[in-house]
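The chain contents come next:
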Amino acid sequence: MVTGTADTAPTPLNLNTDGNVKYVTMPRLAIKDTLEGRQTVPAWEVFTSAVDDLEAGSDFKTIVVDLLEDVYDYARMYICDKRGWEHESDDSFKAYEICRNEFLRTMRRLLNLPYNIILISHEDTSKDITKRGGDKTTAIKPNIADKVATKLAGMVDIVLRAEKDGDEYTLSTKTNSVIFGGGRLTGLKANDIPNTWDAIEAMYSVTGVPKV
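Since we're looking at a predicted model, the values are computed, not measured.

Student: Just to check I follow, could you spell out the overall build of the protein chain for this structure?
Tutor: Helix and strand counts for the protein chain come out as six helices and 13 strands. Of all 212 residues assigned to the protein chain, the portion counted as buried reaches 40%. In the protein chain, 56% of the contacts between residues at least 6 apart in sequence involve partners at least 24 apart. Carbon and sulfur atoms make up 46% of the accessible area of the protein chain, which totals about 12200 Å².

Okay, structure coming up:
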């Protein structure tokens, strides 16, 4: 999804990591290392504190996480720092799982809250896949670890891919062996929809699942 589309969702808040908010008018909270007095609060603690506040209740109806892969990296760096690791490979038997679990535990808390939750990730097209016939093609997936992406796909309603044609974007629900997808909504046809919030809400009318 293009961030500008999320800007038109009901009462949105942007939990923003990259500062790329040129076309965004919604309120936003910078998710980054923050100086409080003489102490630095790690970006991951800023994010988890925001989730704590949202659990307590707010007037927002839509929460946008932009970008998802940055938040995952913040969780990784936080755990590695706490454990004295420079990288997960310093303790390859359990470090990767510990970092994933830290991130997914907080994301599960967020996704269980009564808001519209939008998770935005850049696209990774750096990996090639060899088909059964031997032909190679490019895999299209979120720019985040495969195991994390697969877990998140099972927590969200739908995975949408923003596709650009000239100056126009559409949102695609297509998924196959090459294009990453998923979600819990059933009864959806694999097609393209306009890059608008109204079009996204219309998808829910097909499934009978209400929006916030």
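Student: Help me out: how do you make sense of helix α5 (residues 146–153) in this one?
Tutor: Structural remark: α-helix, 3.6 residues per turn; residues separated by three or four positions point the same way. Restricting attention to buried positions, one finds in α5 the residues Val148, Ala149, Leu152 and Ala153. Burial along α5 is one-sided: seen end-on, the buried residues are contained in an arc of 135°. Facing away from the buried side of α5 by more than 90 degrees, the exposed set consists of Lys147, Thr150 and Lys151. In this structure, the buried residues of α5 make contact with α3 (68–83), α4 (95–111) and β10 (141–142).

Student: Sorry if this is basic, but what is going on with the sheet that holds strand β13 (residues 192–194) here?
Tutor: Pairing between sheet strands relies on hydrogen bonds along the backbone, with the strands arranged either parallel or antiparallel. In space, the three strands of this open sheet follow the order β11-β12-β13, with antiparallel pairing throughout. One side of each edge strand has no neighbouring strand; the edge strands of this open sheet are β11 (161–165) and β13. Here the average twist between neighbouring strands, direction ignored, is 40°. Here β11 pairs with strand β12 (residues 168–172) via five bridges, running antiparallel. In the sheet register, Arg161 faces β12, and the bridge partner there is Ser172.

Student: What am I meant to see in the pattern of salt bridges here?
Tutor: When the charged atoms of two side chains with opposite charge come close together, those side chains can pair. Throughout the structure, instances matching the rule amount to eleven salt bridges. Arg76 is the partner of Asp73 in a salt bridge, and the nearest nitrogen-oxygen pair spans 3.1 Å. Of this pair, Asp73 and Arg76 both sit in helix α3, separated by three residues, roughly a single helical turn. Residue Glu163 pairs with Arg161 through a salt bridge whose shortest N-O separation is 2.7 Å. With a relative accessible area of 21%, Arg161 lands in the partly exposed category. One network of salt bridges, in which partners are shared, links Asp52, Glu55 and Arg109.

Student: Sorry, what's going on with the packing of α3 against α4 here?
Tutor: Working note: a packed helix pair is described by the angle between its axes plus the distance between those axes. At a closest axis distance of 9 Å, the pairing of α3 and α4 adopts a crossing angle of 130°. As the angle between them shows, α3 and α4 are arranged oblique. With respect to the hand of their crossing, α3 and α4 are arranged in right-handed fashion. The segment α3 lies against α4, with Leu68, Val71, Tyr72, Ala75, Arg76, Tyr78, Ile79, Cys80 and Arg83 engaging Ile98, Cys99, Arg100, Glu102, Phe103 and Met107.

Student: So what exactly am I meant to see when it comes to the pairing of β12 here?
Tutor: Consecutive side chains of a regular strand alternate in pointing toward one face of the sheet and then the other. If you look at the hairpin formed by β11 and β12, you'll find two residues sitting between the two strands, and Gly166 has a positive phi there, around 70°. The pairing of β12 with β13 spans three bridges and is classified as antiparallel. Bridging across to β13, Leu171 finds its partner in Ile193.

Student: What exactly am I supposed to notice about the packing of aromatic side chains here?
Tutor: Centre distance and the angle of the planes are the two values used to describe a pair of aromatic rings. According to the stated counting rule, one finds three aromatic pairs in the structure shown. Judged by centre distance (5.6 Å) and plane angle (20°), the rings of Trp44 and Phe47 are stacked. Taken together, the residues span about one helical turn, with Trp44 and Phe47 both in helix α2 (residues 43–56) at a distance of three residues. Of the two residues, Trp44 and Phe47, neither departs from the other in class, the shared state being buried.

The rules behind these values
Residues numbered from 1 in each chain as written. Predicted model: local features only at pLDDT ≥ 70, side-chain atom pairs only at ≥ 80, totals over all residues. Heavy atoms only, no water. Helix = DSSP H or I, 4+ residues; strand = E, 2+ residues; numbered from the N terminus. Buried < 20%, exposed > 50% of the residue type's maximum accessible area, 1.4 Å probe, protein only. Contact = heavy atoms within 4.5 Å. Areas by Shrake-Rupley, 256 points an atom, 1.4 Å probe, with all protein chains shown as cover. Arc of directions from axis to C-beta. Pairing = 2+ DSSP bridges. Axes fitted to C-alpha atoms, helices over the stretch in contact; angles between N-to-C directions. Salt bridge = Lys/Arg side-chain N within 4 Å of Asp/Glu carboxyl O. Parallel < 35°, antiparallel > 145°, perpendicular 65-115°, else oblique. Left-handed = near helix turned anticlockwise from the far one by under 90°. Phe/Tyr/Trp six-rings, centres within 6.5 Å; stacked < 30°, edge-to-face > 60°.

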